[in-house]
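# Fold and contact review
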Amino acid sequence: MNLWFEKLVGKENISSDVVDCEVYSTDGSQIRGTTHNVLWVNTAQEVHQIVLYAKRNKMDLVPRGAGTSLVGGTVPFNSLVIDFTKMDRFTIKDDRVIAEPGVVLDHLNSCLRDKFFPIIPENSAVCTIGGMCGINATGIYERKYGRMSDWVEDVEMIDGTGKLRTYGNEVLGTEGIIGVITKVTLKLAEIVIERSMDIFKCETIEEVVDKLAHVQFHKHILAIEFISLRAATLCGLETKYYLVLEYDGLEGDIKDYDEIQRIRAIRKNVFRRLAEKGFVYREDASFSLDRLGELLSWLEHKGIPSFGSVGSGYLFPCFDERKDIREFYGYIKEIRGAIGKVFGYGILKKEFVPDELKEKLTLMKREHDPHEILNMGKVI
């Protein structure tokens, strides 16, 4: 088998080395699987041949970008892992970008001038376009720009039968279980020239809720970010609740570019600082804003730090032990919230896939991967 792959991708682009297989046996979720081989691909033609090989030999394929999944979305089970980091080419055409799946978002945006790709997750420095399509990613500016599906025009994908086709955005959020993405056409947004910020430091949860109710319908707000009192304390900030508002104009008091960048960096580093304190398990919760106060009270009572895009209805509680997460899941169900809308479902959150989505994905799996060779054990 290795000789066949060596001829296809080159000896330097295949590994069954113990160290490589160990590295690729997990992802950001810290769940451990087993890797059969790692393949670094350079072209769609190589991917096509690998899919056909897997189909003939009934082998599981796991597509992988940066490996940042927090739900085990790229954990292999004695699988062939296809690493797409070398498929990182893109072409800019007016207000469109044609990108391979290994393109890193921040690198792409750094190459654009008067436009940008507006779906910007927290891990934008490392996340890839393919992975973002896999979970139909959202970002800090969802309030204004929506999700990945709002900005993807078409997707070139090789399904489990070996057919290469072009699809619309209906294949986004399928987490690699029906096909392997080889190319994506992205729409671009006009860059926001004038930005400003406000920071509100609140003493109580009630003050947070009141302030949010007052500002949430402001038409120029790009994002409303939150840092809990517990999280702020652990991160070395003043012991307050924080609301950070970003505007697509000069509505805010903070207008200096360098100061805005400094504040953004603080917010982006919250999870890193919490992880340094032992809170390494990050969860995602979606909720209606009228339940925010009781959710924050519950988390503070339990001593659980949190932060997130509350303006879009998302919060990211962080835990130091996995055993405490199950109680949190129960509480989110109690307040009729949802789990998995930001990070995807993967292995860890299969039980939270909504019934309608599960039925849709099951039908797509039967049609596009009847031999069950793609990212088995995920989502459904």
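Each chain has its residues counted from 1, running along the sequence as written. pLDDT decides what is reported in this predicted model: residues at 70 or higher carry local features, side-chain atom pairs at 80 or more are listed and counted, and totals for whole chains, interfaces and linings draw on all residues regardless. Excluding hydrogens and water, the side-chain figures rest on all heavy atoms present in the structure.

### So, the pattern of salt bridges
Note on definitions: salt bridges are taken to be side-chain nitrogens of Lys or Arg within 4 Å of carboxyl oxygens of Asp or Glu. A full pass over the atoms with the stated rule returns 25 salt bridges. In this structure, arginine 96 engages glutamate 153 in a salt bridge whose closest nitrogen and oxygen atoms are separated by 2.7 Å. In this pair, arginine 96 sits in strand E6 (residues 96-99) while glutamate 153 sits in strand E8 (residues 152-159), placing the two residues 57 residues apart along the sequence. By definition, any uninterrupted DSSP run of H or I lasting at least four residues is a helix, any uninterrupted run of E lasting at least two residues is a strand, and each is numbered from the N terminus.

### Things to note about the packing of helix H11 (residues 292-302) against helix H12 (residues 325-334)
Here, axes are lines fitted to C-alpha atoms. For helices the fit covers the stretch in contact, and angles between N-to-C directions go from 0 to 180 degrees. Running from N to C, H11 and H12 point in directions that differ by 160 degrees, and their axes come no closer than 11 Å. Judged on the interaxial angle alone, H12 and H11 are roughly antiparallel. Here H11 runs over H12; the crossing is right-handed. In this structure, H11 contributes Glu294, Leu295, Trp298, Leu299 and Lys302 to the contact, and H12 contributes Glu327, Phe328, Tyr331 and Ile332. Classification used: nonpolar for Ala, Val, Leu, Ile, Met, Phe, Trp, Tyr, Cys and Pro, charged for Asp, Glu, Lys and Arg, polar for all others including Gly. For the contact of H11 with H12, the class distribution of residues is six nonpolar, no polar and three charged. For this classification, under 35 degrees means roughly parallel, over 145 means roughly antiparallel, 65 to 115 means roughly perpendicular, and everything else is oblique. If you view the pair so one helix is near and one far, a crossing is left-handed when the near helix is turned anticlockwise from the far one by less than a right angle, and right-handed when it is turned clockwise. Contacts are assigned to residue pairs that have any heavy atoms within 4.5 Å of one another.

### Concerning the sheet that holds strand E1 (residues 14-15)
Between any two strands, at least two bridges found by DSSP are needed for them to pair. The mixed open sheet is built from four strands, whose spatial order is E1-E2-E4-E3. At either margin of the open sheet sits one strand with a lone partner, and together these are E1 and strand E3 (61-64). Here E1 pairs with strand E2 (residues 34-40) via two bridges, running antiparallel. Bridge pairing links isoleucine 14 to leucine 39 in E2. Together, E2, E3 and strand E4 (77-83) form the strand contacts of helix H3 (residues 44-57), whose direction differs from that of E3 by roughly 155 degrees.

### Structural notes on the packing of helix H7 (residues 205-215) against H11
Each packed pair of helices is defined by two parameters, the angle between the axes and the distance between the axes. Put simply, H7 and H11 touch, their axes get as near as 10 Å, and they point 150 degrees apart. The orientation of H7 relative to H11 falls into the category roughly antiparallel. Note that H7 runs across H11; the crossing there is right-handed. Facing H7, whose interface residues are Ile205, Val208, Val209 and Leu212, H11 presents Leu292, Gly293, Leu296, Ser297 and Glu300. In the contact of H7 with H11, the residues fall into six nonpolar, two polar and one charged.

### Observations concerning the sheet that holds E8
Read across the open sheet, the five strands follow the order E5-E6-E10-E8-E9; overall the sheet is antiparallel. Each edge of the open sheet carries a strand with a single partner, namely strand E5 (90-93) and strand E9 (164-167). Recorded for the sheet is a direction-independent mean angle of 15 degrees between the axes of neighbouring strands. The sheet contact formed by E8 and strand E10 (residues 179-187) spans seven bridges and is antiparallel. Among the inter-strand pairings, valine 155 is bridged to a residue of E10, identified as valine 184. Where H3 meets the sheet, it contacts E8 and E10, and its direction lies at approximately 45 degrees from that of E8.

### Here's the deal with the nonpolar core
Counting 73 residues, the largest nonpolar core has Phe117, Ile129, Met148, Leu186 and Phe328 as the members making the most contacts within it. Segmentation of the chain into domains, including their bounds, is taken from an automatic or database domain assignment. A domain split of this core shows at least three residues from each of domain 2 (90-191) and domain 3 (196-339). Excluding anything up to four places from it in sequence, phenylalanine 117 contacts Leu105, Leu108, Asn109, Leu112, Met132, Met148, Trp151, Leu186, Lys187 and Leu188. Core analysis: the next-biggest nonpolar cluster, separate from the first, contains 20 residues, Ile14, Leu80, Met87 and Val180 among them. Only buried Ala, Val, Leu, Ile, Met, Phe, Trp, Tyr and Cys residues count toward a nonpolar core, and they belong to the same one when joined by side-chain atoms within 4.5 Å. Exposure is judged per residue with a 1.4 Å probe applied to protein chains only, and the accessible area is read against the type maximum: over 50% gives exposed, under 20% gives buried, and values in between give partly exposed.

### What about the domain arrangement of the protein chain?
By a frequent convention, interface size equals the accessible area lost on bringing the separate parts together. For the protein chain, the domain assignment lists domain 1 (2-83), domain 2 (90-191) and domain 3 (196-339). Computed from C-alpha coordinates alone, the two centres of domain 1 and domain 2 are separated by 21 Å. With 10 residues of domain 1 at the interface, the matching set in domain 2 holds 12 residues. Note on definitions: buried area is the accessible-area loss of two parts on being combined, 1.4 Å probe, summed for both. Surface buried jointly by domain 1 and domain 2 totals about 980 Å² across both partners, of which 68% is contributed by carbon and sulfur atoms. Summed over the three residues of domain 1 that lose the most area to domain 2, namely His48, Val51 and Pro63, the buried surface amounts to 35% of that side. Residues adjacent in sequence count toward polar contacts only when both atoms are side-chain atoms; beyond that, a polar contact is any pair of N or O atoms within 3.5 Å, and within protein one must be able to donate a hydrogen and the other to accept it. At the boundary of domain 1 with domain 2, the tally comes to three residue pairs in polar contact (both at pLDDT 80 or more). The element that contributes the greatest number of residues to the side of domain 1 that touches domain 2 is H3, accounting for six residues.

### Some thoughts on the state of the cysteines
Disulfides are defined in this document as cysteine sulfur pairs within 2.5 Å. Inspection of every chain in the model, using the stated rule, returns zero disulfides. The thiol of cysteine 127 is unpaired, and the distance to the nearest cysteine sulfur, on cysteine 133, comes to 11 Å. On the basis of relative accessible area, cysteine 127 is assigned to the buried category, the value being 5%. In this structure cysteine 235 is not part of a disulfide, and its nearest cysteine sulfur, from cysteine 318, lies 8.8 Å away. Exposure remark for cysteine 235: the relative accessible area of 7% places this residue in the buried category.

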